[in-house]
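Structural overview
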Amino acid sequence: MKLTNSTFQGKARDAAANCSIFFFCGQDEAGASAAAKDLIELLPEAGEKVEIPGAELRSDPARLGDEARSTSLFGGTRHIFARVTGDEAHEALKTLIETGEAGGGDACPVVLVATSATDKSRTAKLLEKRKDALVAMFYPPDLSSVTQSVRKMGDAAGVQLSVDLAERIARGANLDVRLASSEVEKLALYLDAGQQSPKRAEAGDLDEIGATSEEDGFMPLVNAVLSGDTGRLSGELKRMREVALNPVGVLLAVERRAAQLARISAKLGPRGTLDGLSKGEKAQLGIFFREEREIRTQARHWRGKRLDLLTLRLTEMHRELLVNSQSAEMLLSQGLARIARSAAPR
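Here, residues in each chain are numbered from 1, in the same order as that chain's written sequence. In keeping with the model being predicted, local features are shown solely for residues with a pLDDT of at least 70 and side-chain atom pairs are shown and tallied solely at 80 or more, while totals for entire chains, interfaces and linings include all residues. No hydrogens and no water enter the side-chain calculation; it runs on all heavy atoms of the structure.

In DSSP terms, a helix is any run of H or I states spanning at least four residues, a strand is any run of E spanning at least two, and both are numbered starting from the N terminus. A tally of helices and strands in the protein yields 17 helices and eight strands. Computed over its C-alpha atoms, the radius of gyration of the protein comes to 21 Å, within 12% of the 20 Å expected for a compact globule of 346 residues. By principal-axis analysis of the C-alpha atoms, the protein measures approximately 60 × 55 × 45 Å. Throughout this description, buried means an accessible area under 20% of the type-specific maximum (1.4 Å probe, protein chains only), exposed means over 50%, and partly exposed covers the range between. Residues classed as buried in the protein amount to 49% of the 346 residues present. The contact criterion used is simple: two residues touch if any of their non-hydrogen atoms lie within 4.5 Å. Put simply, of all contacts in the protein between residues at least 6 apart along the chain, 75% involve residues at least 24 apart. Only C-alpha atoms enter the radius of gyration, while the globule expectation follows 2.2 Å times N to the 0.38, with N the number of residues.

This is how it looks when you write it as structure tokens:
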């Protein structure tokens, strides 16, 4: 089964009921991740979540089948989740399928989100014609589609959003549906809204739950890190501690910019530049005047293999922060410093 942004929501429930391998790919990594989360919630018996790093699937292809056919620690159901880069899960999936067809036994659901992969990749070609597999391709979002998604999120959370306010949330999230969803959730909590008691959100409500200004937010630190501005980094890390910025929130902001850079890289190709884009194309990619200079610098450095390694490192950092929450601030500072040094001009 093969789906795209526009067809996924309508057929997700059917896919969850009838497929056991799910491959989410495309330039919109944020949209693919959000869809994978929705899919897992639709699985008949999702059970325990077992995460396997993509690098481990590449180095040990047999592990996926072993894990997928193992039982949960407490005897319940389970599902496998992996965030991979490109085709690094191809051999593992091929082995899983071949051993199953040879009588290896039933396997639990396997859900993969593939950065820097498309529906033309070897993994997608392996799966797309199988009745027990789903390939979902997510193209870069545009402002109107994300605005519509934000309004639907609001309806589901009991928050009534005007088109203008939903668009403001979409723009503020750089068209990242994960961040937009977080903003809608915060609005619902702030308004004490729910499906049984819907509330209408106003612009002032969004002002109350958000950063009071750009200087109080994450972006100066994000830009210092990804632009390789090591001279500015120490001051930004100090500000992070002084104003008690949430470490996971900061890391999510870096992840959102990395996802944006991936969309830009895919749009430009190996030799393109931002100068070749129209204003409309820039707006679709979330490149607005205020941050264009920073994004130019970052897009020149973070592309190709460097961008893939950055995405992998951010995923590892996210896992480290969640596991070691008491040391999150220190771990984040160390990780961001390493990324900034790698991006610094030489």
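As a further point, take the state of the cysteines. Disulfides are defined as cysteine sulfur pairs within 2.5 Å. The tally for this structure, following the rule as stated, stands at zero disulfides. Note on Cys108: no disulfide assigned, nearest cysteine sulfur contributed by Cys19 at a separation of 15 Å.

By convention in these notes, a salt bridge is any Lys or Arg side-chain nitrogen within 4 Å of a carboxyl oxygen on Asp or Glu. Within this structure, the stated rule accounts for 25 salt bridges. When the shortest N-O distance is used, the salt bridge between Arg58 and Glu88 registers 2.5 Å. With a gap of 30 residues between them, Arg58 in helix α3 (residues 54-59) and Glu88 in the loop between β4 (78-85) and α5 (90-101) connect regions that are remote in the sequence. The buried category is assigned to Glu88, whose relative accessible area is 10%. Here Arg171 ties to Glu167 by a salt bridge, and the two come within 3.3 Å at their closest N and O atoms. In this pair, Arg171 and Glu167 both sit in helix α8 (residues 163-172), four residues apart, roughly one turn of the helix. For Arg171, a relative accessible area of 36% translates into the label partly exposed. Salt bridges here are not isolated pairs; linked through shared partners, they connect Lys2, Asp119, Lys125 and Glu128.

Inspection of the secondary structure assignment puts Glu291 in the loop between α14 (279-284) and α15 (292-301). At 3.0 Å, the side chain of Glu291 forms a polar contact with the side chain of Asn223. Two N or O atoms form a polar contact when they lie within 3.5 Å of each other; inside protein one atom must be a possible hydrogen donor and the other a possible acceptor, and for residues adjacent in sequence the pair counts only when both atoms belong to side chains.

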